[in-house]
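The chain contents come next:
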Amino acid sequence: SQQGEEDPQALSIQEGENATMNCSYKTSINNLQWYRQNSGRGLVHLILIRSNEREKHSGRLRVTLDTSKKSSSLLITASRAADTASYFCATDDTGRRALTFGSGTRLQVQP
Amino acid sequence: EAQVTQNPRYLITVTGKKLTVTCSQNMNHEYMSWYRQDPGLGLRQIYYSMNVEVTDKGDVPEGYKVSRKEKRNFPLILESPSPNQTSLYFCASSPRFGGSTEAFFGQGTRLTVV
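Keep in mind that this is a model prediction, so the values were computed, not measured. (Residues numbered from 1 in each chain as written. Chains lettered and ligands numbered in written order. Predicted model: local features only at pLDDT ≥ 70, side-chain atom pairs only at ≥ 80, totals over all residues. Heavy atoms only, no water.)

Q: I'd like to hear about empty space enclosed by the protein, residue by residue, with values.
A: Throughout the structure, instances matching the rule amount to one cavity of 30 Å³ or more. Counted as a void, the largest cavity has a volume near 100 Å³. Considering the residues around the largest cavity, the lining is formed by 17 residues, among which Leu99 of chain A together with Ser94, Phe97, Thr101 and Ala103 of chain B are closest to the centre. Among the secondary structure elements, those contributing two or more residues to the lining of the largest cavity are strand S4 (29-37) of chain A together with strand S4 (31-38) and strand S9 (87-94) of chain B. Partitioning the lining of the largest cavity into residue classes produces seven nonpolar, seven polar and three charged. (1 Å grid on protein atoms, 1.4 Å probe; cavity = no way out; pocket = protein on both sides within 12 Å on 5 of 7 lines; lining within 4 Å. Points joined across faces, edges and corners; volume = space filled by probe spheres on them. Helix = DSSP H or I, 4+ residues; strand = E, 2+ residues; numbered from the N terminus. Nonpolar A, V, L, I, M, F, W, Y, C, P; charged D, E, K, R; others polar.)

Q: Account for the packing of aromatic side chains, with residues named and values stated.
A: According to the stated counting rule, one finds eight aromatic pairs over all chains in the structure shown. Here tyrosine 35 of chain A and phenylalanine 101 of chain A contribute two aromatic rings whose centre-to-centre distance is 5.7 Å and whose plane-to-plane angle is 55°, an arrangement assigned as tilted. Here phenylalanine 101 of chain A lies in strand S10 (residues 99-101) and tyrosine 35 of chain A lies in strand S4, a separation of 66 residues in the sequence. With respect to burial, tyrosine 35 of chain A and phenylalanine 101 of chain A carry one shared label: buried. Feature note: the residues Tyr35 and Phe101 of chain A together with Tyr35, Phe90 and Phe105 of chain B constitute an aromatic cluster, connected by ring pairs. (Phe/Tyr/Trp six-rings, centres within 6.5 Å; stacked < 30°, edge-to-face > 60°. Buried < 20%, exposed > 50% of the residue type's maximum accessible area, 1.4 Å probe, protein only.)

Q: Lay out the interface of chain A and chain B with the relevant residues and their values.
A: Taken residue by residue, the interface counts 22 residues in chain A and 26 residues in chain B. Around 1900 Å² of area is buried between chain A and chain B when both sides are counted, 50% of it from carbon and sulfur atoms. Sorting the residues of chain A by area buried against chain B places Leu43, Arg97 and Phe101 of chain A first, and these three jointly supply 28% of that buried surface. If you look at where chain A meets chain B, you find zero salt bridges. The tally of links from chain A across to chain B stands at four residue pairs in polar contact (both at pLDDT 80 or more). Secondary structure elements with two or more residues in the side of chain A that touches chain B: S4, strand S5 (43-50), strand S9 (85-93) and S10 of chain A. Looking at the side of chain A that touches chain B residue by residue, the classes come out as seven nonpolar, ten polar and five charged. (Contact = heavy atoms within 4.5 Å. Buried area = accessible area lost by both parts, 1.4 Å probe. Salt bridge = Lys/Arg side-chain N within 4 Å of Asp/Glu carboxyl O. Polar contact = N/O pair within 3.5 Å; in protein donor to acceptor, adjacent residues only side chain to side chain.)

Q: For the nonpolar core, give the residues involved together with the corresponding values.
A: Formed by 20 residues in total, the largest nonpolar core has its most connected members in Met21, Leu32, Trp34, Leu74, Ile76, Tyr87 and Leu107 of chain A. Ignoring anything within four residues of it in the chain, the contact list for methionine 21 of chain A reads Asp7, Pro8, Trp34, Ser72, Ser73, Leu74, Ile76, Tyr87, Thr105 and Leu107 of chain A. (Core = buried A, V, L, I, M, F, W, Y, C linked by side-chain atoms within 4.5 Å.)

Q: Requested: an account of the pattern of salt bridges, with residues and values cited.
A: On inspection of all chains with the given rule, the structure shows eight salt bridges over all chains. Salt-bridge contacts for lysine 65 of chain B lead to glutamate 79 of chain B; the nearest nitrogen and oxygen are separated by 2.9 Å. In this pair, lysine 65 of chain B is assigned in strand S7 (residues 65-66) and glutamate 79 of chain B in the loop between strand S8 (76-78) and S9, connecting sequence segments 14 residues apart. Each of the salt bridges in this network shares a partner with another, and the network as a whole consists of Arg36, Arg60 and Asp83 of chain A.

Q: Describe the layout of surface pockets, with residues and values.
A: In this structure, the largest pocket encloses a volume near 540 Å³. In terms of lining, the largest pocket is formed by 23 residues, of which the most central are Ser86, Phe88 and Arg106 of chain A together with Gln37 and Pro39 of chain B. Secondary-structure elements contributing two or more residues to the lining of the largest pocket are S9 and strand S11 (105-110) of chain A together with S4 and S9 of chain B. Looking at which element gives the most residues to the lining of the largest pocket, the answer is S11 of chain A, with four residues. Of the residues belonging to the lining of the largest pocket, the class tally is five nonpolar, 15 polar and three charged. Every residue lining the second largest pocket is counted, 18 residues in all, and those nearest its centre are Ala2, Gln3, Val4, Phe105 and Gln107 of chain B. Secondary-structure elements contributing two or more residues to the lining of the second largest pocket are S5 of chain A together with strand S1 (4-7) and strand S10 (104-105) of chain B. Per-element accounting of the lining of the second largest pocket gives the leading share, four residues, to S1 of chain B. Residue composition of the lining of the second largest pocket, grouped by class: seven nonpolar, eight polar and three charged.

See the structure below:
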């Protein structure tokens, strides 16, 4: 099943600007993770936030989680051209032994 | 270097010709899984394995088989490939499933079935 939905589907910004992408999900989760994928390549783990956490930082990344709204956001500050990629949220759903991925946000950072 | 290795990276085959995509991890992870990625559909899980000799179906298992005879290897088998199995396939592993563990992905196998 595909429960995570990212918004927007595509985002184009200038270098130095911040990029925000959102993820909604439908069921109870243990944690939510964000992954990055460069064109056609493997996914790379960025950050994990547990269901009892509300906010987490890692370098230029800030993730928030609102379990009451079943949503999460990923903020990339001071974006760089090298941040150009697709970003996926993935939920570790209670009761399922699988990560459920959203359809992703394609981020284009213009130099 | 810790990694998940898939082979081949690219494969073009004909309908009905059995093929195997190999996946190997060198991190002693218990949990391994296969996903397929299709435009607009994100990643969907095909099969997963909690440990050696323990495998189970994911969301889209039809037309696929897997085996887990050794901890490091988790091959994906297409007994009779069909054009609707044309996709980008990813193998992933993690120390275990659940808790606060991240998944490590292979570089992907782009399969075309004609």
